[in-house]
Amino acid sequence: MTKTKPDVPKQNRKDGSEGRKMFLLILPFLILCFLFSYFPLHGWIYALYDYRAPLSLSQCEFVGLKWFATLFSNPTQVKQLMTVMKNTFAMSILGLATSFLPVLFAVFLNEVKCRWFKNIVQTLTTLPNFISWTLVYSIAFCLFSATGMFNTVCQNLGLISEPLKILDSGEHVWLSMLLWNTWKGLGWGSIMYLAAIAGIDQEMYEAARVDGAGRMQLIKNITIPALLPTYFVMVMLSVANFLSNGMDQYFVFMNAFNKESIQVLDLYVYNIGLTGQSLSLATAIGVMKSVVSVGLLVLVNFASKKTRGENII
């Protein structure tokens, strides 16, 4: 007597088919993520060699952990690295301290009832995100250089006798970088919060209005609490990327007058590797930065699980 296989429920077959379709949809993005985020990690091996371009790696001397030891054994290197870390920490802390600005911008923009004005404001504040930092520096140079519009107008009005060195000065560099970064990313950063606001149940607002709640009470008791989970996740991811400020903004604004105050870790790695032609040392610094960033991500994820009961990874 032959045994017949039990029929697979139709719902299970449907779920399996949908799962395969979804996997095939995300497969190209997984491949791109592997190619651009994980495959380049094989370059870490250069930190173990005394690499000299354009020689091949097999022609270079294997030095083990020499470059990692150099970071902490050379007093000049340690002093320079401490200055770079001070700039990196300052930029990151200022970024975290102002991370609430996109939330407030999204909340107040959502309260604008004139639809065409709201669309214009959102478009104008989002566009700077798509402008390269090279063009942003061109705008800054036209406005705030010694011969720029700001100094020219102030001199013509008799407010100043000599041009102010705004771009060619190491003073207030952290603040100016923060302001330019805020101008460039405020509108783009608010998009996620605007999407979160759109997902709030409108019946909650209607019930609150029936109870006599005003606009500010709706914002305080409904909108902002609904945005807090998204905000906490974004802040935690920012903490995990604490050492990653990027280099393009600081590279274009850097000059001989503000180099000591503007050079962050990513820019320092670039200068060491290409300008200083020490690719192995630059790779060692990059490896340590990545390890610390992963450690911060694990720590933040642990803190999130303990405080909020939710993981972010």
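Let me sum up the structure you'll find in this document.

Parameters at a glance
Residues numbered from 1 in each chain as written. Predicted model: local features only at pLDDT ≥ 70, side-chain atom pairs only at ≥ 80, totals over all residues. Heavy atoms only, no water. Salt bridge = Lys/Arg side-chain N within 4 Å of Asp/Glu carboxyl O. Buried < 20%, exposed > 50% of the residue type's maximum accessible area, 1.4 Å probe, protein only. Helix = DSSP H or I, 4+ residues; strand = E, 2+ residues; numbered from the N terminus. Phe/Tyr/Trp six-rings, centres within 6.5 Å; stacked < 30°, edge-to-face > 60°. Core = buried A, V, L, I, M, F, W, Y, C linked by side-chain atoms within 4.5 Å. 1 Å grid on protein atoms, 1.4 Å probe; cavity = no way out; pocket = protein on both sides within 12 Å on 5 of 7 lines; lining within 4 Å. Points joined across faces, edges and corners; volume = space filled by probe spheres on them. Nonpolar A, V, L, I, M, F, W, Y, C, P; charged D, E, K, R; others polar. Axes fitted to C-alpha atoms, helices over the stretch in contact; angles between N-to-C directions. Parallel < 35°, antiparallel > 145°, perpendicular 65-115°, else oblique. Contact = heavy atoms within 4.5 Å. Left-handed = near helix turned anticlockwise from the far one by under 90°. Polar contact = N/O pair within 3.5 Å; in protein donor to acceptor, adjacent residues only side chain to side chain.

Brief notes about the pattern of salt bridges
Taken as a whole and assessed by the stated rule, the structure comprises four salt bridges. In this structure, Arg-52 and Asp-50 form a salt bridge, with 2.8 Å as the shortest nitrogen-oxygen distance. Classification of Asp-50 by relative accessible area gives buried; the value is 17%. The residue Glu-111 makes a salt bridge to Arg-215 at a minimum N-O spacing of 3.4 Å. Remark: Arg-215 occurs in helix α11 (residues 215-240) and Glu-111 occurs in the loop between α4 (101-110) and α5 (115-126); sequence separation between them is 104 residues. For Glu-111, a relative accessible area of 15% puts it in the buried group.

Describing the packing of aromatic side chains
Using the criterion set out here, one finds 15 aromatic pairs in the structure. Ring geometry for Tyr-49 against Phe-62: centres 5.3 Å apart, planes inclined by 80°, an arrangement best described as edge-to-face. Remark: Phe-62 occurs in strand β2 (residues 61-62) and Tyr-49 occurs in strand β1 (residues 49-50); sequence separation between them is 13 residues. Owing to a relative accessible area of 19%, Tyr-49 belongs among the buried residues under this scheme. Consider the rings of Tyr-137 and Phe-253, whose centres lie 5.2 Å apart with planes at 90°: the pair is edge-to-face. You can see Tyr-137 sitting in helix α6 (residues 133-144) and its partner Phe-253 sitting in helix α12 (residues 248-253), a full 116 residues away along the chain.

A short note on the nonpolar core
Within the largest apolar cluster, 18 residues are counted, with the highest numbers of intra-cluster contacts made by Leu-265, Tyr-268, Leu-281 and Ile-285. Every element with two or more residues in this core is listed here: α2 (66-73), α3 (75-97), α14 (265-275) and α15 (279-307). Residue contributions to this core peak at five residues, all from α15. Core analysis: the second largest hydrophobic core is formed by 13 residues, Met-91, Trp-133, Val-173 and Ile-262 among them.

Some details on the layout of surface pockets
To find the voids left in a structure, one rolls a probe of water-molecule size over its atoms. In this structure, the largest pocket encloses a volume near 1100 Å³. Lining the largest pocket are 37 residues, with Gly-95, Ser-99, Asn-181, Gly-185 and Ser-238 positioned closest to its centre. Counting only elements with at least two residues in the lining of the largest pocket, the list comes to α3, α4, α8 (173-189), α9 (191-198), α11 and α12. Looking at which element gives the most residues to the lining of the largest pocket, the answer is α8, with 10 residues. When grouped by side-chain class, the residues that make up the lining of the largest pocket number 20 nonpolar, 15 polar and two charged.

Focus on the packing of α2 against α3
One way to put it is that α2 packs onto α3 with a least axis distance of 6 Å and a crossing angle of 80°. The angle between α2 and α3 places the two elements in the roughly perpendicular class. Residues Thr-70, Leu-71, Phe-72 and Ser-73 of α2 lie in contact with α3, whose contacting residues are Pro-75, Gln-77, Val-78 and Leu-81. By residue class, the composition of the contact of α2 with α3 is five nonpolar, three polar and no charged.

Some remarks on the packing of α4 against α5
For the pair α4 and α5, interaxial distance at closest approach is 10 Å and the crossing angle is 160°. The angle between α4 and α5 falls in the class roughly antiparallel. Crossing handedness for the pair α4 and α5: left-handed. The segment α4 lies against α5, with Phe-105, Leu-109 and Asn-110 engaging Lys-118, Val-121, Gln-122 and Thr-125.

Here we look at the environment of Gly-43
Mapped onto the secondary structure, Gly-43 falls in the loop between α1 (10-38) and β1. Looking at Gly-43, the relative accessible area reads 19%, which means it is buried. Put simply, Gly-43 and Ser-280 are 237 residues apart on the chain and 9.9 Å apart in space, counted from C-alpha to C-alpha.

Here we look at the environment of Tyr-231
Within the secondary structure, Tyr-231 sits in helix α11. Once the C-alpha coordinates of Tyr-231 and Trp-174 are considered, the two residues, 57 residues apart in sequence, prove to be 24 Å apart. Ignoring any residue separated from it by four or fewer positions in sequence, one finds Tyr-231 in contact with Ser-99, Phe-100, Val-103 and Tyr-193. Looking at Tyr-231, its side chain comes within polar contact range of the side chain of Ser-99, at 3.0 Å.

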